[in-house]
Amino acid sequence: MTRFKSDFLNIMQERGFIHQCSNFDGLDAALASGPQSAFCGYDPTGKSLHVGHMVSIMMLHWFQKCGHKPYTLVGGATAMIGDPSFKDKTRPLLTTAEIDANIKSIQQSYGSFIHYGTGPTDAVMVNNADWILSLNYMEFLRDYGTCFTVNRMLSFDSVKLRLEREQPLTFLEFNYMIMQGYDFLHLYQTYGISVQLGGSDQWGNMINGVDLAHKKIGKELFVLTVPLITTASGAKMGKTEGGAVWLRADMTSPYDYWQFWRNTEDGDVGKFLKLFTLLPMAEIAKLEKLSGADINEAKKILAFECTKILHGESAALEAAETAHRTFDQGGAGDNLPTITLPENDLKTGITIIDALRLSGLVDSNGEAKRLIQGGGAKVNDYPVTDGTERLTTENLTAAGYIKLSSGKKKHALIRIS
């Protein structure tokens, strides 16, 4: 294993963050010489960032902890185009109002991982709409168009994949590479940012900024990417049957977030502890040695530490207690997803199929029927065989709820108002 001069690169290497770097020696020397600035950017195409973004966000956390200054870039301008990288089709175009709303919404996601402020190492958020939207198109083409060749742009894997699949790649999307390259140059000239951090799928877009700075101002900038994180079974990180795992409590509850990490595959526990928690490597090494039933304790620690970083220690403790009461004691924790029905409605009754759908455990009546037929549905921990059976106040437990279950890991409650 290579030993770097800089603390940041050593941490990145031992925790498994490093995939590619434009110049390891140059970046290492710069980081070892004194505080540097780095940025990581995301287009505000949704209300929240999700778990798939967390690897590069954690890079920013460690960057700041090592005494450097992180910047978070939101692509208010580039979101109007849409990044074509490894996408099967053109991303739907957003209005400026939608983009502005998304920017305000995702700002809170970052604050759990890095500290914003006015200090020398405090994080700063910038929006590329502030400089891109004011560009004169003809002047921009004259000044920067000659720095990009179509030949090189066609060589990037993200573009070749679309062309090989004979999927449309619009001229609008082609401009995305130029915009992202220009962002890096502008950030260096304006804020002195010389490092860009991001996912390996962004390598082509990111390296354009390095090339542009070299051609226009003779300055070497640096790019460091993380590998694409997949689970031990080969699935894309951060995806579940219910969709993305969001970094907002109103979109993915602290309990559901805790449960996502608790359900980590055995082969991923050590890797995820290194990437997504702040635990010391010595402690992680001990947890990696656990096997059999004991590995579940490591999964609980992973879930607790990840939830604590994002939602705070109190929410992590509540989620852990809810899981303990639900799974270990066969009861129901206070933070399980809950639907409330008027008492008179429950006196009349609701079918189990409707209850499963209304609780969010399934998306449709058909899915509820398949769950019941497969033996995966339970009411108050007893298997269900007839989905048309009606749940009434008679089914309320002594604690005042009806517990619905989909398999062993998804639960919800019905209470009366």
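Overview of the structure. (Residues numbered from 1 in each chain as written. Predicted model: local features only at pLDDT ≥ 70, side-chain atom pairs only at ≥ 80, totals over all residues. Heavy atoms only, no water.)

## Side note on the overall build of the protein chain
Logical step 1: Per the secondary structure count, the protein chain includes 18 helices and 15 strands.
Logical step 2: In terms of overall dimensions, the protein chain has C-alpha extents of about 75 × 45 × 40 Å along its principal axes.
Logical step 3: Considering the protein chain as a whole, with its 417 residues, one finds that 50% of them fall into the buried category.
Logical step 4: Of the accessible surface of the protein chain, which amounts to about 19,500 Å², a share of 50% is contributed by carbon and sulfur atoms. (Helix = DSSP H or I, 4+ residues; strand = E, 2+ residues; numbered from the N terminus. Buried < 20%, exposed > 50% of the residue type's maximum accessible area, 1.4 Å probe, protein only. Areas by Shrake-Rupley, 256 points an atom, 1.4 Å probe, with all protein chains shown as cover.)

## Notes on the packing of aromatic side chains
Logical step 1: The tally for this structure, following the rule as stated, stands at 13 aromatic pairs.
Logical step 2: With centroids separated by 5.1 Å and ring planes inclined at 65 degrees, the aromatic side chains of Tyr-144 and Tyr-182 adopt a geometry described as edge-to-face. Remark: Tyr-182 occurs in helix 9 (residues 171-191) and Tyr-144 occurs in helix 6 (residues 137-144); sequence separation between them is 38 residues.
Logical step 3: The side chain of Lys-216 reaches across the aromatic face of Tyr-144, ending 5.1 Å from its centre. (Phe/Tyr/Trp six-rings, centres within 6.5 Å; stacked < 30°, edge-to-face > 60°. Lys NZ or Arg CZ within 6 Å of the ring centre and 35° of its normal.)

## Details of the pattern of salt bridges
Logical step 1: The tally for this structure, following the rule as stated, stands at eight salt bridges.
Logical step 2: One salt bridge in this structure joins Lys-308 and Glu-305, with 3.5 Å as the shortest N-O distance. Highlighted residues: Lys-308 and Glu-305, both in helix 14 (residues 295-311), separated by three residues, approximately one helical turn. (Salt bridge = Lys/Arg side-chain N within 4 Å of Asp/Glu carboxyl O.)

## Remarks on the sheet that holds strand 4 (residues 124-127)
Logical step 1: The strand order across the open sheet built from six strands is 1-6-5-2-3-4, with neighbouring strands paired in mixed fashion. Strands at the two margins of the open sheet, each flanked by one partner only, are strand 1 (20-21) and strand 4.
Logical step 2: Sheet analysis places strand 3 (residues 69-74) next to strand 4, joined by four bridges and oriented parallel. By the bridge assignment, Thr-72 is partnered in strand 4 with Met-125.
Logical step 3: Sheet strands in contact with helix 3 (residues 54-65) are strand 2 (37-42), strand 3, strand 5 (195-199) and strand 6 (222-226), and its direction is about 160 degrees off that of strand 2. (Pairing = 2+ DSSP bridges. Contact = heavy atoms within 4.5 Å. Axes fitted to C-alpha atoms, helices over the stretch in contact; angles between N-to-C directions.)

## Notes on the sheet that holds strand 11 (residues 377-379)
Neighbouring strands of a sheet are bound in pairs by backbone hydrogen bonds; such pairs are parallel or else antiparallel.
Logical step 1: The five strands lie next to each other as 9-15-14-11-12, forming an open sheet whose pairing is mixed. At either margin of the open sheet sits one strand with a lone partner, and together these are strand 9 (338-341) and strand 12 (382-383).
Logical step 2: The sheet contact formed by strand 11 and strand 12 spans two bridges and is antiparallel. Each bridged residue has a counterpart across the sheet, and for Lys-378 the counterpart in strand 12 is Pro-383.
Logical step 3: In this fold helix 17 (residues 352-359) packs onto strand 9, strand 11, strand 14 (402-406) and strand 15 (410-416), with an angle of close to 80 degrees to the strand it touches most, strand 14.

## Comments concerning helix 14
Logical step 1: The end-to-end C-alpha distance of helix 14 is 24 Å, a good match for the 24 Å that 17 residues give at a rise of 1.5 Å each.
Logical step 2: Taken together, the buried positions of helix 14 are Ile-295, Ala-298, Lys-299, Leu-302, Ala-303, Phe-304, Glu-305, Cys-306, Thr-307, Ile-309 and Leu-310.
Logical step 3: Looking one or two places after helix 14, you find Gly-312, whose phi comes out positive at around 100 degrees. (Expected span 1.5 Å × (residues − 1).)

## What about the packing of helix 1 (residues 7-15) against helix 3?
Logical step 1: Direction vectors running N to C along helix 1 and helix 3 enclose 145 degrees, while the axes themselves pass 9 Å from each other. Here helix 1 and helix 3 pass one another in a crossing that is right-handed. The residues of helix 3 that touch helix 1, namely those facing Phe-8, Ile-11, Met-12 and Arg-15, are Met-59, Trp-62 and Phe-63.
Logical step 2: Of the residues contributing to the contact of helix 1 with helix 3, the split by class is six nonpolar, no polar and one charged. (Left-handed = near helix turned anticlockwise from the far one by under 90°. Nonpolar A, V, L, I, M, F, W, Y, C, P; charged D, E, K, R; others polar.)

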